[in-house]
Amino acid sequence: MKKLILSTAAVLAVIVLLPLIYIGTVLLRSTGGLPVWDGEHSLTGLDGTIEVLRDENAVPHVFAQSERDAFFAQGFLHAQDRLWQMMSARQALSGRMAEWFGAGALGGDRFNRINHAPRAIQRDFEQLPADDRVLLEAYAAGVNAYLDSDAYRRPPEMVLLHIKPERWQAMDSLIVYRGVYNTLLGYGNEPLTQRLRLHAADERAAELSGLRPFEVRPIVEEAPAVSAVMAPIKQRSFSDSWLLSGEHTTSGMPLLANDPQLPSTLPNFWYLTHLSIAGENRVGASLPGLPSIAVGRTDHIAWGITAGNVDQADLALVHGDPDDATRYRRTANGAWQRLSGRDEVFQVRFGDEYKERILATEEGGTIIPSNQIRPAFSEDPDALVELKIVHFEGDTSLSAFFALNRARNTAQALDALSRFTGPSLNFIIADVDGEIGYVSAGRYAERQGDAGQIIDFGPADGSTWSPIPYADNPQTIGPGSGRIVAANQQQVGDSYPSYLSDAWADPHRAMRIHALLDQQGKHDVDSFLAMQRDTFLEPASRTVPKMLEVERDALTDVEREMLEVLQEWDYRFDNDSAGPTVFITWMRFFHEELAADELGPSMWPGMRRSALPAIALAVLGGQNTQWCAQAGEDSAPDCSEVLRGSLSRAAEALATRLGESPDDWRWGGATPMTHPHQGFAGLPLLGSRFSRVATYPGGPDTLMIKSIDASNAPDFSRADFTSSLQVVFDLSNLEASRFMLSTGQSGHYRSPHYDDFLPRFAAGERFTIPTERGAIQAKHTLLLSPAD
């Protein structure tokens, strides 16, 4: 018996200890591999010697004599600092993550294969001018030169997964760019409208897709008058930008601010870079996997970008043949047409391969598999859903960025962006001659009828469109107001002749920017930086007084504390304030009292995340008060009863989850911002090791933004995104322009530059990126020279 016990113990020890030893060994190995930023490397593919100086913020300053060599070096540096980010982006967007992570990644792979067709990528590459293809090839050569050099270090993520990087191809940059397109692509309101019509519990819910409770000044202003805007739900990403001409600045030259707001991932979406090409400078934020500068300045111009939200995708229904899966027709009595298809094979780690056939219509639309659409877009079991996206017809956007980087004034920059055919982006531009301009860049479509706003069978919903000429895209040079504000709001007034979208972002940030610009006659860099850190929420200033009119009979202690907090609140989302937590929590339950019964169990779960639901703001403003009645009831609604009931529910949630004292309700404690790692977030052991948590000021739709998921109020720990990059460009002295990322430059989780910007960003700190060699405080020097 003793021997049996000892033997069993030994076996158990082996079973337990060996995996632990293995895991510990792998984790230990993953701590190594930090990039070496000093030294000299002889590399095949270079024409001349390149010097790379890295400053105290880990920003590389690249000194090259040609654009080709500069992009070669940029590929080398991106790979050195962000190789996992580049490789995982390519792997995901190619629909191949299951090769690394197994069957759990197969759903995302299937979705990405719909948008990733190698033939389309090849076509886009061939449409680029020959000189631009050479630059992409140079960038790819730089990436591969790093993989072949003695500077190469395998990223810790690849060490843990036991995988090695595949070589980079020139067309891989187009795959990475396709991911940017998918992130920013606008669909309009047609998916929401269709689902509300089919799945909501009450027909009143259909009002949400056309709700117009706000007014906003469009980006291109025909007159000082405001224009209505539709804003039922949030899009996936937001950004702020504003620009003043010299007559409104202390320097007499333009000032430009940009704040792209994207998911708060690690590594950061952006990578700051300075390229000096034969003495000409390009400075700003680049995207790992893509050459050139995406947001930045040269010696002649500066530019910023925000999501444009123009509807560039159409969904339509076609009739499938229940007896022949390869046939479809657009109308009930129309001629049958044949679906084309391509076979996709998915390799699955630790599992069997998976095969799927992707079908397409003769008109170039892709058939979305029915199991990827929940809730469904049709009650017809034989209906097929066709997706048609403008970029499926060819994309030359990278060529536009190359040309933008070479532009020497605002007019040339606008001309360069005529080649931009990708996701709708608002570009604001200023030059050193004092000119300012704006364009909504992208390939836009002229639809037939209201086909872009519905999901239906033909002939009501057609699949043909013609491009809107670039000259007709919303744009302006030298506006009379001397200002341009682009915060994802409507680009032009309702007089614009073509349909662009019916799902612009809420106008709160745009109107707050206008208000702050109006507060002083002349602005400077410091006032622009203060605006970027602004935490005031304009809709709270309008709605809280209405909420405080709640009936106060039989208040509990917690309810009384809530009202006192809101009475004293200054409408700023600062970390030490309890006001934001009380406001958003109460709004969350008020929203539920209003809309959950109308939306029903199919639609409410997806709508309850909104922190500033348009219907709640509208009702508090005296509009759409019929929502205060129960679903299906026509009786006179009692909104005061709904407001009082939601106060009680909010008080109970606050007391239960956070505590009964306002000291327990401080915004910073309720909203830790998680920066999830791209790949390992949520995994045991690895998620916490590679991700980071920080506390920021700001809230939903404040300029210092912190988007939150309100569904679990008052627990707002699932904050979605914040500012990924903040820049201010001073055209009177471009060297004084300011920059900051929200996390850090390095992609290695053990690097001091992985997350060193986190506290500095939260505190409002910014830094300059000098271009003169003597002004650069170099901490590391790297020389890249041609191999013999």
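For the structure itself, look to the data block above.
This structure is a prediction, so every number in the text was calculated from the model and none was measured. (Residues numbered from 1 in each chain as written. Predicted model: local features only at pLDDT ≥ 70, side-chain atom pairs only at ≥ 80, totals over all residues. Heavy atoms only, no water.)

## Here we look at the side chain of serine 711
Next, step 1: By the secondary structure assignment, serine 711 is in the loop between strand E27 (706-707) and strand E28 (721-723).
Next, step 2: One polar contact links serine 711 to aspartate 709, side chain to side chain, over a distance of 2.7 Å. (Helix = DSSP H or I, 4+ residues; strand = E, 2+ residues; numbered from the N terminus. Polar contact = N/O pair within 3.5 Å; in protein donor to acceptor, adjacent residues only side chain to side chain.)

## Remarks on the environment of glutamine 726
Next, step 1: Tracing the backbone through its elements, the reader meets glutamine 726 in strand E29 (residues 725-730).
Next, step 2: Distance in space between the C-alpha atoms of glutamine 726 and tyrosine 146 is 30 Å, their sequence separation being 580 residues.

## Details of empty space enclosed by the protein
In this approach a probe as big as a water molecule rolls over the atoms, and the regions it shows empty are the leftover space.
Next, step 1: Counted according to the given criterion, the structure contains seven cavities of 30 Å³ or more.
Next, step 2: When its volume is computed, the largest cavity comes out at roughly 310 Å³.
Next, step 3: As for the largest cavity, its lining consists of 26 residues, of which Val180, Phe269, Trp270, Leu287 and Ile305 are closest to the centre.
Next, step 4: Among the secondary structure elements, those contributing two or more residues to the lining of the largest cavity are helix H8 (172-184), strand E6 (238-244), strand E7 (255-263), strand E11 (301-307) and helix H10 (397-406).
Next, step 5: A per-element tally of the lining of the largest cavity places H8 first, with four residues. (1 Å grid on protein atoms, 1.4 Å probe; cavity = no way out; pocket = protein on both sides within 12 Å on 5 of 7 lines; lining within 4 Å. Points joined across faces, edges and corners; volume = space filled by probe spheres on them.)

## What to know about helix H18 (residues 639-657)
Next, step 1: With 19 residues, H18 should cover 27 Å at 1.5 Å per step; its first-to-last C-alpha distance of 27 Å lies within 8% of that length.
Next, step 2: Those residues of H18 not exposed but buried are Val642, Leu643, Arg644, Ser646, Leu647, Ala650, Ala651, Ala653 and Leu654.
Next, step 3: The inward-facing, buried residues of H18 abut helix H14 (538-547), helix H15 (557-568), helix H16 (579-607) and helix H17 (614-620).
Next, step 4: Phi turns positive one or two residues past the end of H18, at glycine 659, with a value near 130 degrees. (Expected span 1.5 Å × (residues − 1). Buried < 20%, exposed > 50% of the residue type's maximum accessible area, 1.4 Å probe, protein only. Contact = heavy atoms within 4.5 Å.)

## A look at the packing of H14 against H16
Next, step 1: Contact pair H14 / H16: the axes reach a minimum separation of 12 Å and the direction vectors enclose 70 degrees. Here H16 runs roughly perpendicular to H14, going by the angle between their axes. Of H16, the residues touching H14 (which contributes Ala540, Thr543, Val544 and Met547) are Phe583, Trp586 and Met587.
Next, step 2: Tallied by class, the residues present in the contact of H14 with H16 amount to six nonpolar, one polar and no charged. (Axes fitted to C-alpha atoms, helices over the stretch in contact; angles between N-to-C directions. Parallel < 35°, antiparallel > 145°, perpendicular 65-115°, else oblique. Nonpolar A, V, L, I, M, F, W, Y, C, P; charged D, E, K, R; others polar.)

## Quick word on the layout of surface pockets
Next, step 1: What the second largest pocket holds in volume is close to 520 Å³.
Next, step 2: As for the second largest pocket, its lining consists of 27 residues, and the residues nearest its centre are Ile367, Ile368, Pro369, Ser370 and Leu384.
Next, step 3: Of all the secondary structure elements, the ones that give two or more residues to the lining of the second largest pocket are strand E12 (313-321), strand E13 (324-329), strand E16 (354-360), strand E17 (366-368) and strand E18 (383-389).
Next, step 4: Among the elements that line the lining of the second largest pocket, the one with the most residues is E16, at four residues.
Next, step 5: Partitioning the lining of the second largest pocket into residue classes produces 16 nonpolar, three polar and eight charged.

## Brief notes about the pattern of salt bridges
Here the idea is simple: oppositely charged side chains can pair when their charged atoms come close.
Next, step 1: Tallied over the full model, the rule gives 45 salt bridges.
Next, step 2: In this structure, aspartate 709 engages arginine 609 in a salt bridge whose closest nitrogen and oxygen atoms are separated by 3.6 Å. In this pair, aspartate 709 sits in the loop between E27 and E28 while arginine 609 sits in the loop between H16 and H17, placing the two residues 100 residues apart along the sequence.
Next, step 3: By relative accessible area, which is 38% here, arginine 609 ends up partly exposed.
Next, step 4: Here aspartate 755 and arginine 692 are joined by a salt bridge, their closest N and O atoms 2.7 Å apart. You can see aspartate 755 sitting in the loop between strand E30 (738-741) and helix H21 (757-762) and its partner arginine 692 sitting in strand E26 (residues 692-694), a full 63 residues away along the chain. (Salt bridge = Lys/Arg side-chain N within 4 Å of Asp/Glu carboxyl O.)

## Structural notes on the pairing of E13
Next, step 1: Summarising the sheet, E12 and E13 pair through three bridges and their orientation is antiparallel. Bridging across to E13, histidine 319 finds its partner in arginine 329.
Next, step 2: In textbook terms, the turn of a hairpin is the stretch between consecutive antiparallel strands, and for E12 and E13 this stretch comprises two residues.
Next, step 3: Sheet topology places E13 next to strand E14 (residues 337-338); two bridges connect them, and they run antiparallel. Note that in E14 the partner of arginine 327 across the bridge is arginine 338. (Pairing = 2+ DSSP bridges.)

## A word on the state of the cysteines
Next, step 1: Counted under the stated rule, the structure contains one disulfide.
Next, step 2: Between the sulfur atoms of cysteine 628 and its disulfide partner cysteine 639 the distance amounts to 2.0 Å. Residues cysteine 628 and cysteine 639 are joined through a disulfide that is right-handed, its torsion about the S-S bond being 100 degrees. Here cysteine 628, found in the loop between H17 and H18, pairs with cysteine 639, found in helix H18; they are eleven residues apart in sequence, far enough to count as distant. (Disulfide = S-S within 2.5 Å.)

## Topic: the nonpolar core
The nonpolar side chains of a soluble globular protein tend to be buried with one another.
Next, step 1: In terms of nonpolar packing, the biggest core is built from 142 residues, with Phe76, Trp270, Leu272, Leu417, Phe420 and Phe427 touching the most fellow members.
Next, step 2: If one sorts the elements of this core by residue count, helix H2 (residues 67-93) sits on top with twelve residues.
Next, step 3: Listed in part, the 62 residues of the second largest apolar core include Met547, Met587, Met603 and Phe716. (Core = buried A, V, L, I, M, F, W, Y, C linked by side-chain atoms within 4.5 Å.)

## Looking at helix H12 (residues 508-518)
Next, step 1: Within H12, eight of the eleven residues are buried, which leaves the element mostly enclosed by the surrounding structure.
Next, step 2: Of all the positions in H12, only His508, Arg509, Ala510, Arg512, Ile513, His514, Leu516 and Leu517 are classed as buried.

## Focus: unusual backbone geometry
Next, step 1: Look at the link from leucine 266 to proline 267: it is a cis peptide, with omega at -5 degrees.
Next, step 2: Cis geometry marks the peptide bond from arginine 374 to proline 375; its omega dihedral reads -10 degrees.
Next, step 3: Summarising the element assignment, proline 375 is placed in the loop between E17 and E18.
Next, step 4: Its identity as a non-glycine residue notwithstanding, tyrosine 571 has a phi of 70 degrees, on the positive side.

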